[in-house]
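Chains, contacts and geometry: an overview
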Amino acid sequence: MNIIIFGPPGAGKGTQSKFIVKKYNLYQLSTGELLRKEIANKSKLGSEISSIINVGELVSDDIVSNLIEGFITDDNFKNRMIFDGYPRNLNQAKNLDFLLKKYNQKIDIVLKLSVSLETIKKRILERQSQEQRADDNQEIAIKRYKTYEESTEPVLEYYKKSNLLNVVNGEQTIDEISKEISGIIDRIKGWQSIIRQYKYAVT
Ligand code: AMP
């Protein structure tokens, strides 16, 4: 099963992705982490990426697409990916569909962690003292939230139309959110198994 997790910066996408990875034996594909690795390599591309990330804007679709394609084409990750931070705009969503189709896969579940700007500001402040990410300060957090609203929120409509979207209340505690997410994944896995058995029975 392939999952996408959406949410504004500080919504807990990374934390919940790690929980899902462990519980369901999936692979977390975080474009933010891949980009930060590229920056740590101190390459020319890395410095280009860092100047964009540090102002809270989106890195170009081509750069991100090149980073994820290697995973989608890798059999080790086939049908066991959780996309954390990708897609972030409509163009990326269409590109993801195209790539998945090309390699005989699809998205099974879309999760959205819904969190208010007030909560985000509080969480970013807490995270700032723990992780020291260059793009984690109040001003950039607000910019990243706005980028999310403008570019990423419209992508949710795209998945809503395909009946894949599940909205989770991201204001809850980490454990409560994990529990709600598990409930959604188990329910959908259950349905998929019934459909598989039915298809098997009629063929
Ligand atoms: P994240 O770790 O997901 O919060 O991402 C950190 C930053 O990396 C974002 O604010 C963007 O600047 C950049 N980034 C991550 N994923 C993408 C993406 N799919 N497309 C463009 N930029 C991205």
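See above for the structure.
First, a word on what this report is: a plain description of the structure on this page.

What counts as what
- Sequence order as written defines the numbering, with residues in each chain counted from 1.
- pLDDT decides what is reported in this predicted model: residues at 70 or higher carry local features, side-chain atom pairs at 80 or more are listed and counted, and totals for whole chains, interfaces and linings draw on all residues regardless.
- Values reported for side chains reflect all heavy atoms of the structure, with hydrogen atoms and water molecules removed beforehand.
- Each Phe, Tyr or Trp ring (for Trp, its six-membered ring) is paired with any other whose centre lies within 6.5 Å, and the angle between the two planes then decides the class: stacked below 30 degrees, edge-to-face above 60, tilted in between.
- Residue burial is assigned from relative accessible area. The probe radius is 1.4 Å, only protein chains are included, and a residue is buried under 20% of its type maximum, exposed over 50%, and partly exposed in between.
- Each helix corresponds to a stretch of at least 4 residues labelled H or I by DSSP, and each strand to a stretch of at least 2 residues labelled E; elements are numbered beginning at the N terminus.
- Any residue with a heavy atom positioned within 4 Å of a molecule or strand is treated as near that molecule or strand.
- Polar contacts, as counted here, are pairs of nitrogen or oxygen atoms within 3.5 Å of one another; within protein the pair requires one atom able to donate a hydrogen and one able to accept it, and residues that are adjacent in sequence qualify only if both atoms are side-chain atoms.
- Accessibility throughout is a Shrake-Rupley quantity obtained with a 1.4 Å probe, and a residue counts as covered only by protein chains that appear here.
- Three categories are distinguished: nonpolar for Ala, Val, Leu, Ile, Met, Phe, Trp, Tyr, Cys and Pro, charged for Asp, Glu, Lys and Arg, and polar for the others, with Gly belonging to the last.
- In short, DSSP must find at least two bridges between two strands for them to pair.
- All axes are obtained by fitting lines to C-alpha atoms, using only the stretch in contact for helices, and the reported angles, taken between N-to-C directions, cover 0 to 180 degrees.
- Helix span, expected: 1.5 Å multiplied by one less than the number of residues in the helix.
- What the bend at a residue measures is the angle between two axes, fitted to the seven residues ending there and to the seven starting there.

1. Notes on the packing of aromatic side chains
- All told, the structure shown has five aromatic pairs when counted by the stated rule.
- Seen from their ring centres, Phe71 and Phe77 are 5.5 Å apart, and the 40° between their planes marks the pair as tilted.
- Assessed through its relative accessible area of 16%, Phe71 is described here as buried.
- For Phe77, a relative accessible area of 14% gives the class buried.

2. Concerning unusual backbone geometry
- Residue Pro87 is bonded to the preceding Tyr86 through a cis peptide linkage, with omega at 0°.
- Of note, Pro87 is situated in the loop between β3 (81-84) and α5 (90-102).
- Even without being a glycine, Asn79 presents a positive backbone phi close to 55°.
- With respect to the helices and strands, Asn79 occurs in the loop between α4 (61-72) and β3.
- The phi angle at Asn163 is positive, at roughly 60°, despite the residue not being glycine.

3. Details of the site of the ligand
- Near the ligand you find 16 residues, and of these Thr31, Glu57, Gly85, Arg88 and Gln92 are the closest.
- Between Glu57 and the ligand, the recorded distance is 2.5 Å, taken from a backbone N or O atom to an oxygen atom.
- With the chains in place, 96% of the 480 Å² that the ligand exposes on its own is no longer accessible.
- Element by element, the count of residues in the shell around the ligand is highest for helix α2 (residues 31-40), at four residues.
- Of the residues in the shell around the ligand, the class split is six nonpolar, four polar and six charged.

4. Comments concerning the sheet that holds strand β1 (residues 3-6)
- Spatially, β2-β3-β1-β4-β5 is the arrangement adopted by the five strands of the open sheet, whose pairing is parallel. Sheet topology places β2 (27-30) and β5 (165-169) at the edges, where each strand pairs with a single neighbour. On average, adjacent strands in this sheet sit at an angle of 20° to one another, irrespective of strand direction.
- Pairing of β2 with β3 involves four bridges; the strand directions are parallel.

5. Focus on helix α7 (residues 138-161)
- For α7, which comprises 24 residues, the first-to-last C-alpha distance of 34 Å matches the rise-based estimate of 34 Å (1.5 Å per residue) to within 8%.
- Of all bends in α7, the biggest is about 40°, found at Glu149.
- Taken residue by residue, α7 has Ile140, Ala141, Arg144, Tyr145, Thr147, Tyr148, Thr152, Val155, Leu156 and Tyr159 as its buried positions.
- Where α7 terminates, the next one or two residues include Asn163, which has phi positive at roughly 60°.

That is the geometry; function is a separate question.
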